[in-house]
Protein chains: 2
Amino acid sequence: MSYTRQTILEMAGYTPGEQPRDRLLVKLNTNENPYPPSPAVTEALASLTTAGLRLYPDPLARALRQEAARQWNLSEDAVICGNGSDDLLTIGVRTFVDQGGTIACPDPTYSLYPVLARIQGARTIHIPLDETFNPPPDCARQAAGSSLLFLARPNAPTGNAFDLSTMHQLCRDYQGIVWIDEAYADFAADNCLDFVHKYPNVVVSRTVSKSYSLAGIRLGLACAQPPLIEQMLKVKDSYNVNALTQTLGLAALKDQSHMQTNVKRIQATRRWAADELTALGFQVLPSEANFLFARPPIPADEYAKALRAHHILIRYFPGERTGDYARVTIGTDADMQKLLQATRTILADQ
Amino acid sequence: MSYTRQTILEMAGYTPGEQPRDRLLVKLNTNENPYPPSPAVTEALASLTTAGLRLYPDPLARALRQEAARQWNLSEDAVICGNGSDDLLTIGVRTFVDQGGTIACPDPTYSLYPVLARIQGARTIHIPLDETFNPPPDCARQAAGSSLLFLARPNAPTGNAFDLSTMHQLCRDYQGIVWIDEAYADFAADNCLDFVHKYPNVVVSRTVSKSYSLAGIRLGLACAQPPLIEQMLKVKDSYNVNALTQTLGLAALKDQSHMQTNVKRIQATRRWAADELTALGFQVLPSEANFLFARPPIPADEYAKALRAHHILIRYFPGERTGDYARVTIGTDADMQKLLQATRTILADQ
């Protein structure tokens, strides 16, 4: 006999991108920011003492909620903090989707969504994106009957941001929760934060992992109308955001200027790297994120493997819709020069 | 219409103990350790730089798992790390209990267990402890049909540790997972860690919150035979323990001597405070934890309220089984002197 729920037994776990201990690798595989976090975070770290760590952290992370609410022009009770935005996605599924229920998400998208559904014992409706990786006109109809629709905007691993008019239409037409995952939104031209004022069924989630260079501290933030936040607060672990993260995360949020400067550098590198890869024969999709999704002139799995031999890590997603593409995180200009140089060598060797 | 699952809508959230910002209060309400963590943790904190925080942490927290496995004489794949032991309790319910399923736990015990069951959409069998707050002889029979039996040892809020022979019997007789919550075990005379070698259905969880003075960093550890750990790893969030906590937690675990010195001080204070309260007319239950569960000579709710006026926080749990008692965390000798002085004043005012 097994002690484990059938849904867990039968599933494979989620496979996160490789986190190699070899720091000599050029790491362009998990969409981390190549620049250090704000000097204000360094100051906040230096100010921390261990004496305070004997106490539990604020269970509601009020200082963080207040700062995010201020920046987003919302009330504090419209914001919830998570142990990374993955924690918030988990909380969302557990709040809104029953075992035996259904979620919906585009295909391709962030591969964690179906895994979270599976853990909950729920089914996933995969809605194929069109040939430009945008939602089909009947997206809401295909999602009908599910309780929660995940839309990553910009989408991963494709990098494009679905049209705002499409997003509005989906929020109006879909009958359940529309969870807009804005992990990459700081790198995009626009975002859906103001949807929260308009739609009672919308949740927007953010993270400090990418634009704030703080993947290591695990801090996610989500906003929605207070009745939804109230229910999600019941589901989260009481002390889900630790004391260190509350202090460092607050310092990071308060320094918008540092974040925006890094975002601009990454956007500039993104434009240049896209042009260079295009010149080398790649089909590069338009990106609003801190990565490029590009079809190499050689099989993408071979390309990823060859880069590894050059000590460069990128992410390859097998499968019908994604298997022809490589996902390359935008690093520093020097990182991208190494990538381009290795790419030229690999292509010349063919 | 509501977007929220019925089970969440109908439940009240868990209420954690108050975390006041007023640091002048004597805080004896949430079982924190009154002494600072190891100097090795202070050194580890000083060695942290923010540059590394741009990267994701090790999803498996391997250094922590290896250290715990070494200390517990287990293999690394018999250990899982959590964002506090509450995260591990959540993972346990999600791995082993279906929506519509059942858990079992003593009454009274840690009030989070039924809340976690409720979030999962599961029912709780409450097994009344006897008049000495020990499990009834037919405990396994009462728990029959449930998937997971939570046993806190030492138990909260009562402070006693169930007999080891009773624990062995329960692990043999109960057909589901026996989750032994050892959050307070470092303060006890013995523990159940070696049960993991013997029983394929046992999970033992620990925390650095109490004995290691690190409630603020959120680190829990659980051990079980590898087939159980393998399933729980599928359910945990990929990056559930952040980079800061992995570094500080490892430093803490490695300094067993500091932890044990503090434990001995707290045990000595516990003996003395129990004697003093007894002399003041309290009925003090035997405690193997870092708190006392004691029946004051005046109504316990009035006692807690009166202490608050003296700027001393303790925890009061209303209810038939617990409402006559006050739960008092063991602080420093000075903290306890203040408690005793205030208590004398309160009793004299009656």
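Residues numbered from 1 in each chain as written. Chains lettered and ligands numbered in written order. Predicted model: local features only at pLDDT ≥ 70, side-chain atom pairs only at ≥ 80, totals over all residues. Heavy atoms only, no water.

### A word on the overall build of chain A
Now for step 1: Regarding its fold elements, chain A presents 13 helices and 12 strands.
Now for step 2: For chain A, the C-alpha radius of gyration of 20 Å lies close to 20 Å, the compact-globule estimate for 350 residues.
Now for step 3: Considering only C-alpha atoms, chain A reaches an extent of 60 × 50 × 50 Å along its principal axes.
Now for step 4: Taking all 350 residues of chain A together, 63% fall into the buried category.
Now for step 5: If you take every contact in chain A between residues at least 6 apart in sequence, the share linking residues at least 24 apart comes to 72%.
Now for step 6: Only carbon and sulfur atoms are counted for the fraction: they give 50% of the accessible area of chain A, which is about 12800 Å². (Helix = DSSP H or I, 4+ residues; strand = E, 2+ residues; numbered from the N terminus. Rg over C-alpha atoms; globule rule 2.2 N^0.38 Å. Buried < 20%, exposed > 50% of the residue type's maximum accessible area, 1.4 Å probe, protein only. Contact = heavy atoms within 4.5 Å. Areas by Shrake-Rupley, 256 points an atom, 1.4 Å probe, with all protein chains shown as cover.)

### Points about the nonpolar core
Now for step 1: Of all hydrophobic cores here, the largest spans 178 residues; its most connected members are A:Ile314 and B:Ile314.
Now for step 2: Excluding residues that lie within four positions of it along the chain, B:Ile314 makes contacts with B:Leu28, B:Asn29, B:Tyr303, B:Ala304, B:Leu307, B:Ala326, B:Arg327, B:Val328 and B:Leu339.
Now for step 3: A:Cys105, B:Tyr113, B:Leu148 and B:Ala152 belong to the second largest nonpolar core, which has 62 residues in total. (Core = buried A, V, L, I, M, F, W, Y, C linked by side-chain atoms within 4.5 Å.)

### Regarding the sheet that holds strand S6 (residues 177-181) of chain A
All names here are of chain A.
Now for step 1: Here seven strands make up an open sheet; going across it, the order is S2-S8-S7-S6-S5-S3-S4 and the pairing mixed. Lying at the two open borders of the sheet, with one neighbouring strand each, are strand S2 (79-82) and strand S4 (123-128). Looking at each pair of strands side by side, their axes are set apart by 25° on average, direction ignored.
Now for step 2: Relative to strand S8 (residues 220-223), S2 runs antiparallel, the two sharing four bridges. Bridge pairing links Cys81 to Leu221 in S8. (Pairing = 2+ DSSP bridges. Axes fitted to C-alpha atoms, helices over the stretch in contact; angles between N-to-C directions.)

### Quick look at helix H5 (residues 112-120) of chain A
Now for step 1: Where burial is concerned, most of H5(A) is hidden: seven out of the nine residues are buried.
Now for step 2: Considered for burial, the residues of H5(A) that qualify are A:Leu112, A:Tyr113, A:Val115, A:Leu116, A:Ala117, A:Ile119 and A:Gln120.

### Here we look at the sheet that holds strand S12 (residues 326-329) of chain A
Residues and elements named next belong to chain A.
Now for step 1: Read from one edge to the other, the open sheet built from three strands follows the order S9-S10-S12, with strand pairing classed as antiparallel. The sheet is open, and its two borders are formed by strand S9 (283-284) and S12, each paired with just one other strand.
Now for step 2: As paired elements, strand S10 (residues 291-295) and S12 share four bridges and run antiparallel to each other. If you follow Phe293 over to S12, its bridge partner there is Arg327.

### Observations regarding the interface of chain B and chain A
Now for step 1: If you look at the interface, chain B gives 73 residues, while chain A gives 73 residues.
Now for step 2: Roughly 6600 Å² of surface becomes buried between chain B and chain A when both sides are summed, with 54% attributable to carbon and sulfur atoms.
Now for step 3: Broken down residue by residue, the surface that chain B buries against chain A is led by B:Tyr3, B:Arg54 and B:Tyr56, which jointly contribute 13%.
Now for step 4: A:Asp98 serves as the salt-bridge partner of B:Arg5, at 3.0 Å between the closest nitrogen and oxygen.
Now for step 5: Seen at the junction of chain B and chain A, the total is 45 residue pairs in polar contact (both at pLDDT 80 or more). (Buried area = accessible area lost by both parts, 1.4 Å probe. Salt bridge = Lys/Arg side-chain N within 4 Å of Asp/Glu carboxyl O. Polar contact = N/O pair within 3.5 Å; in protein donor to acceptor, adjacent residues only side chain to side chain.)

### Remarks on the pattern of salt bridges
Now for step 1: Going through the model one piece at a time under the given rule, you end up with 22 salt bridges over all chains.
Now for step 2: What you see here is one network of salt bridges that share partners, running through A:Glu182, A:Asp186 and A:Arg206.

### Some remarks on the relation of the copies chain B and chain A
Now for step 1: Once chain B has been moved 0.0 Å along the axis and rotated by 180°, it coincides with chain A to within an RMSD of 0.0 Å. Here the two chains are linked by the operation of a two-fold rotation axis. For chain B, the smallest separation between a C-alpha atom and the rotation axis is recorded for B:Gln99, amounting to 3.1 Å.
Now for step 2: With an isologous cut-off of 70% or more, the 100% of interface residues of chain B that recur at the interface of chain A puts this contact in the isologous class. (Least-squares fit on C-alpha atoms with pLDDT ≥ 70 in both.)

### Concerning the confidence of the model for chain A
Now for step 1: For chain A, the average pLDDT comes to 96, and 99% of its residues sit at 70 or higher.
Now for step 2: The ipTM for the predicted assembly is 0.96, set against a pTM of 0.97. (pLDDT = per-residue confidence, 0-100.)

### Here's the deal with the packing of aromatic side chains
Now for step 1: In this structure the tally under the stated criterion is 22 aromatic pairs over all chains.
Now for step 2: Both rings, one in B:Phe282 and one in B:Tyr303, keep their centres 5.2 Å apart while their planes meet at 70°; by these two values the pair is edge-to-face. Of this pair, B:Phe282 sits in the loop between helix H11 (256-279) and strand S9 (283-284) while B:Tyr303 is found in helix H12 (residues 300-309), placing the two residues 21 residues apart along the sequence. Summarising the burial analysis for this pair, B:Phe282 and B:Tyr303 share the class buried.
Now for step 3: Every member of this aromatic cluster is reached through a ring pair, and the members are A:Tyr14, A:Tyr110, A:Tyr113, A:Phe150 and A:Trp179.
Now for step 4: The lysine or arginine in question, A:Arg265, covers the ring of A:Tyr35, its NZ or CZ lying 3.8 Å from the ring centre.
Now for step 5: Between the NZ or CZ atom of B:Arg327 and the centre of the ring of B:Phe291, over which it lies, the distance is 5.5 Å. (Phe/Tyr/Trp six-rings, centres within 6.5 Å; stacked < 30°, edge-to-face > 60°. Lys NZ or Arg CZ within 6 Å of the ring centre and 35° of its normal.)

### A look at the side chain of A:Thr343
Residues and elements named next belong to chain A.
Now for step 1: Within the fold, Thr343 resides in helix H13 (residues 333-348).
Now for step 2: The exposure class of Thr343 is buried, given its relative accessible area of 0%.
Now for step 3: Among the polar contacts listed, one links the side chain of Thr343 to the side chain of Tyr303, at a separation of 2.8 Å.
Now for step 4: In this structure Thr343 touches Leu280, Phe282, Tyr303 and Leu307, once residues within four positions along its chain are discounted.

### Regarding the environment of B:Ala188
Residues and elements named next belong to chain B.
Now for step 1: By the element assignment, Ala188 lies in the loop between strand S6 (177-181) and helix H8 (195-198).
Now for step 2: The spacing of Ala188 and Gln267 is 79 residues in sequence and 8.9 Å in space, taken between C-alpha atoms.
Now for step 3: Leave out the neighbours within four places in its chain, and Ala188 touches Pro154, Gln267 and Glu288.

### Regarding the side chain of B:Ser287
Residues and elements named next belong to chain B.
Now for step 1: For Ser287, the location among the structural elements is in the loop between S9 and strand S10 (291-295).
Now for step 2: Residue classification places Ser287 among the buried residues on the basis of a relative accessible area of 12%.
Now for step 3: Separated by 2.6 Å, the side chain of Ser287 and the backbone oxygen of Phe291 make a polar contact.
Now for step 4: When sequence neighbours within four positions are dropped, the list of residues in contact with Ser287 reads Gly159, Arg270 and Leu292.

### Quick notes on the pairing of S6(A)
Residue and element names in this part refer to chain A.
Now for step 1: Across the five residues that make up S6, a large majority, five, are buried.
Now for step 2: Covered by surrounding structure in S6 are Ile177, Trp179 and Asp181 together with Val178 and Ile180, the residues of both alternating faces.
Now for step 3: With helix H7 (residues 164-173) bridging strand S5 (residues 148-152) and the parallel S6, this β-α-β connection has right-handed handedness.
Now for step 4: As paired strands, S6 and strand S7 (residues 202-207) are joined by four bridges and run parallel to one another. Among the inter-strand pairings, Asp181 is bridged to a residue of S7, identified as Ser205. (Right-handed = clockwise from strand over helix to strand, strands pointing away.)

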